[in-house]
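Each chain, letter by letter, is given below.
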Amino acid sequence: APLLAQYAPERYRSEALLLVIPQQVPNDYVTPTMTQPIEERLPAITDQILSRSRLEQIIQQMDLYQAERSRQVMEDVVEQMRLDVTTSAVRRDANSFRVSYVSDDAEKARKVTERLASLYIEQNLKDRENQADSTSQFLATQLEEAKTRLIEQEKRLEEYRKSHAGQLPSQLQGNLQAMQTASLQLQSLNESTNRAQERRLLIERQIADTEAVPVPAVPPTEAAPEGTAQLLETARSRLALFQQRYTPEHPEVVSLQRTIAELVVKLESEKPVGAVPVEKPSVTPAEAAQQKRILDFQAELAVIDHQLAANRADAARLKQVIAQYQAKIDVVPTRESELVELTRDYATMQAAYTNLLVKREDAMLAANLERRQIGEQFRLLDTASLPGRPYNQLQRFGVMASGAAAGLVIGFLIIGLLEYRDASFRSEEEVLRALSVPVLALIPGMNSDRERRRARWRRWFLDACGAAVLLAAGLVLAV
């Protein structure tokens, strides 16, 4: 039994209960970056803690497995420790799990279990913080790339709008209104031109009628200055008349103002420097009246001609403006299809950028939450226990009981073998059965004093050995 007890040494198991505390801030306010349940994350955390570097460090710091390290390589010792560590969930639907360690020493089992429990708590916090930081950094990188692409797309849109100014769909209504305004101005200008032409025909007829009346010849004078002055006076008279009938923005009023300004400049340029006024010969009142009337008609005709020329120039300009607006309106569908493609890409990039921005902010909140340790964490609910008795006591009892039974069977076998090999006669019946002859006399065994002493010492020795074996077995069972 003592020999078999070496193959079933006392093993002490220490356990610690860890509780998973959920995130203290509601998920509606801060979305956690790690959403896996504990039963899925626990194997990964266990693999990190039971890594070779971690376990080798624990073995060396806490001086574990001294005998094994003396005769085995470190890889085998680490594998033995992995077998001694057990992690299991308490219940499938409960957020708690147990960490246990088995050792030959109860105090070492408790200390190692405490160390393992603290490693689980630290590793969980580290994993969650690393996950939050990695997510935040990844989103920040993606956000910068999305921002760069968005800025490039904005520049392309800006360049497109600048290069096609006035042809964009958003400017269609303005182009239509501007073309309508120019068309109205052209219509009004045409009406003014028609009226001016009718007036010119009327004046020409009046001049012809006046010249048909015979009048004396008019003496030569400096006609240019007097004609320009007469034209200026007539234009001013017509302007005063039109200002009473039309607004200052009316095309005929504007045209007459421009004509007056040009005549004033022309009159100033036609005045000779140092000219001496020439005395006009005296004429009759009838001749003077006829001459004045003809000059008035000519001046008015010159004003009308000047107005018609200005109207034609304005009409050409307005037609060109209308053509330009019409060209812009005609190209709007093409620009709209091109702009739709550009704005569609821009809208997609902007939506992606906004989405990444929101996710980056959520990830930063989650990272701050993990750094402050108010996210999901492990809490030591039951500290590592100090075992009072070996957990394998029944196993040890079974091993030693099987050893005792095996010894008893072997003893009986030895006794039977010795009895089978002993050929001496111990009674008369044995002699009769073996020889079938009568026994005449019995001669007792005659031992010397030395033989009797040896036999006595042999009995004492056997009794002492039996007592020692019984005492050792009792001590083993007691321990």
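So, how was this worked out
Residues numbered from 1 in each chain as written. Predicted model: local features only at pLDDT ≥ 70, side-chain atom pairs only at ≥ 80, totals over all residues. Heavy atoms only, no water. Phe/Tyr/Trp six-rings, centres within 6.5 Å; stacked < 30°, edge-to-face > 60°. Helix = DSSP H or I, 4+ residues; strand = E, 2+ residues; numbered from the N terminus. Buried < 20%, exposed > 50% of the residue type's maximum accessible area, 1.4 Å probe, protein only. Pairing = 2+ DSSP bridges. Core = buried A, V, L, I, M, F, W, Y, C linked by side-chain atoms within 4.5 Å. Contact = heavy atoms within 4.5 Å. pLDDT = per-residue confidence, 0-100.

**Quick word on the packing of aromatic side chains**
Part 1 of the reasoning: For the coordinates displayed, the defined rule picks out 3 aromatic pairs.
Part 2 of the reasoning: Ring centres of Phe-97 and Tyr-120 lie 5.6 Å apart, and the angle between their planes is 55°; this geometry places the pair in the tilted category. Taken together, the residues span a long stretch of sequence, with Phe-97 in strand E3 (residues 96-103) and Tyr-120 in helix H6 (residues 106-163) at a distance of 23 residues.
Part 3 of the reasoning: By relative accessible area, Tyr-120 is classed as buried at 1%.
Part 4 of the reasoning: Geometrically, the ring pair formed by Trp-457 and Trp-460 is edge-to-face, given 5.1 Å between the ring centres and 75° between the ring planes. Separated by 3 residues within a single helix, Trp-457 and Trp-460 lie in helix H14 (residues 449-478), roughly one turn from each other.

**Structural notes on the pairing of E3**
Part 1 of the reasoning: Counting buried positions over the 8 residues of E3 gives 7, a clear majority of the element.
Part 2 of the reasoning: Of the strand pairs in this sheet, strand E1 (residues 12-21) and E3 are connected by 8 bridges, and their pairing is antiparallel. Bridging across to E3, Ala-16 finds its partner in Val-99.

**As for the nonpolar core**
Part 1 of the reasoning: The biggest cluster of nonpolar side chains holds 29 residues, and the ones touching the most others in it are Leu-64, Met-81, Phe-97, Tyr-101, Leu-116 and Tyr-120.
Part 2 of the reasoning: Residue assignment for this core shows that the elements contributing at least two residues are E1, helix H2 (38-49), helix H3 (52-62), helix H5 (74-84), E3 and H6.
Part 3 of the reasoning: Among the elements that make up this core, the one with the highest residue count is H6 (6 residues).
Part 4 of the reasoning: What Phe-97 contacts, discounting residues up to four positions off in sequence, is Ala-16, Leu-17, Leu-18, Val-20, Leu-42, Thr-87, Ser-88, Ala-89, Val-90, Tyr-120 and Phe-378.
Part 5 of the reasoning: Membership of the second largest hydrophobic core comes to 13 residues, among which are Leu-143, Leu-157, Tyr-160 and Tyr-353.

**So, the confidence of the model for the protein chain**
Part 1 of the reasoning: Within the protein chain, residue pLDDT values average 78, and 77% of them lie at 70 or more.
Part 2 of the reasoning: Mean pLDDT per element in the protein chain: helix H1 (residues 2-5) is the minimum at 49, and H5 is the maximum at 91.
Part 3 of the reasoning: Note on residues 215-226: pLDDT under 50 across the span, and 12 contacts to partners over four residues away in sequence or across chains.
Part 4 of the reasoning: Here residues 275-283 scores under 50 on pLDDT; set against residues more than four positions off or in separate chains, the count is 6 contacts.

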